[in-house]
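# Observations on chain architecture
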Amino acid sequence: MLRRILQVSLLTVVAIAPFSVPAASMAGSAEVVAVHPARVADLVLLGGGFDAGLRQGMVCRITRGAVEIAEVLLVEIRPACSAALIVGVAARQSIRAGDLARIKVLKS
């Protein structure tokens, strides 16, 4: 059922959302297009996908400027868009359209 919700959500975004995403030109990053509430879990829809270097199973940090807002898990990837589940959100924050998602990289 969750897979079906993901597919319908992505198709809706591809059909109606404009993808003029300047941040998507950076490898491994994508702009948040929308947050779609669903019965099981909220989905974060991103304006970048496989072509932006994103892969299923990756964890991304959502930032707004220099502030870290949340972490999401990429669950569905298309060439130009993707969907993610919210793993955690910082206190008193919420994900909004226009926030930037970047692949989480461990520092050594």
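Note that the structure is predicted; figures quoted are calculated from it, not measured.

Thresholds applied
- Residues numbered from 1 in each chain as written.
- Predicted model: local features only at pLDDT ≥ 70, side-chain atom pairs only at ≥ 80, totals over all residues.
- Heavy atoms only, no water.
- Helix = DSSP H or I, 4+ residues; strand = E, 2+ residues; numbered from the N terminus.
- Buried < 20%, exposed > 50% of the residue type's maximum accessible area, 1.4 Å probe, protein only.
- Contact = heavy atoms within 4.5 Å.
- Areas by Shrake-Rupley, 256 points an atom, 1.4 Å probe, with all protein chains shown as cover.
- Pairing = 2+ DSSP bridges.
- Core = buried A, V, L, I, M, F, W, Y, C linked by side-chain atoms within 4.5 Å.
- Patch = residues over 30% accessible without salt bridge, like charges linked within 9 Å, V, L, I, M, F, W, Y side chains within 5 Å.
- Salt bridge = Lys/Arg side-chain N within 4 Å of Asp/Glu carboxyl O.
- Axes fitted to C-alpha atoms, helices over the stretch in contact; angles between N-to-C directions.

## Quick look at the overall build of the protein chain
- Across its full length, the protein chain carries one helix and six strands.
- Listing every helix and strand of the protein chain by position from the N terminus yields α-β-β-β-β-β-β.
- Within the span of the protein chain, comprising 108 residues, buried residues form 37% of the whole.
- In the protein chain, 59% of the contacts between residues at least 6 apart in sequence involve partners at least 24 apart.
- About 6,100 Å² of surface is accessible on the protein chain, with carbon and sulfur atoms providing 59% of the total.

## Observations regarding the pairing of strand S6 (residues 100-103)
- Pairing analysis gives three bridges linking strand S1 (residues 29-36) to S6, with the strands arranged antiparallel. Along S6, the bridge assignment pairs Glu31 with Leu100.
- Judged from the four bridges that link them, strand S3 (residues 59-64) and S6 form a sheet pairing that is antiparallel. Along S6, the bridge assignment pairs Arg61 with Arg102.

## Section: the nonpolar core
- Counting residues in hydrophobic clusters, the biggest one holds 15 residues, and the most contacted among them are Val44, Leu46, Leu54, Ile62, Val72, Leu74 and Ile95.
- Sorting the residues of this core by element identifies S1, strand S2 (43-46), S3 and strand S4 (67-77) as the ones contributing at least two each.
- Looking at this core, the element that brings in the most residues is S4, giving five residues.
- Beyond its immediate sequence surroundings of up to four residues, Leu54 is in contact with Gly28, Ser29, Ala30, Leu46, Gly48, Gly49, Cys60, Leu74, Ile77, Ser82 and Ile103.
- With five residues, the next largest nonpolar core counts Leu45, Val75, Ala83 and Leu85 among its residues.

## Points about the environment of Ile77
- Counting through the fold element by element, Ile77 comes out in strand S4.
- Accessibility expressed as a relative area gives 18% for Ile77, which makes it buried.
- Here the alpha-carbon distance between Ile77 and Gly48, two residues 29 residues apart in the chain, equals 8.6 Å.
- Setting aside residues no more than four positions away along its own chain, Ile77 makes contact with Gly49, Phe50, Leu54, Arg55, Gln56 and Ser82.

## Focus on a nonpolar patch on the surface
- Among the surface-exposed residues, Val35, Ile86 and Val89 lie close enough to one another that they form a single nonpolar patch of about 180 Å² accessible area.
- Accessibility expressed as a relative area gives 31% for Val35, which makes it partly exposed.

## Structural notes on the sheet that holds S4
- The strand order around the closed barrel built from six strands is S1-S2-S5-S4-S3-S6, with neighbouring strands paired in antiparallel fashion. Along the sheet, successive strands turn relative to each other by an average axial angle of 45°, direction set aside.
- Relative to strand S5 (residues 82-89), S4 runs antiparallel, the two being bridged by seven bridges. Looking across to S5, one finds that Val72 is bridged to Ile86.

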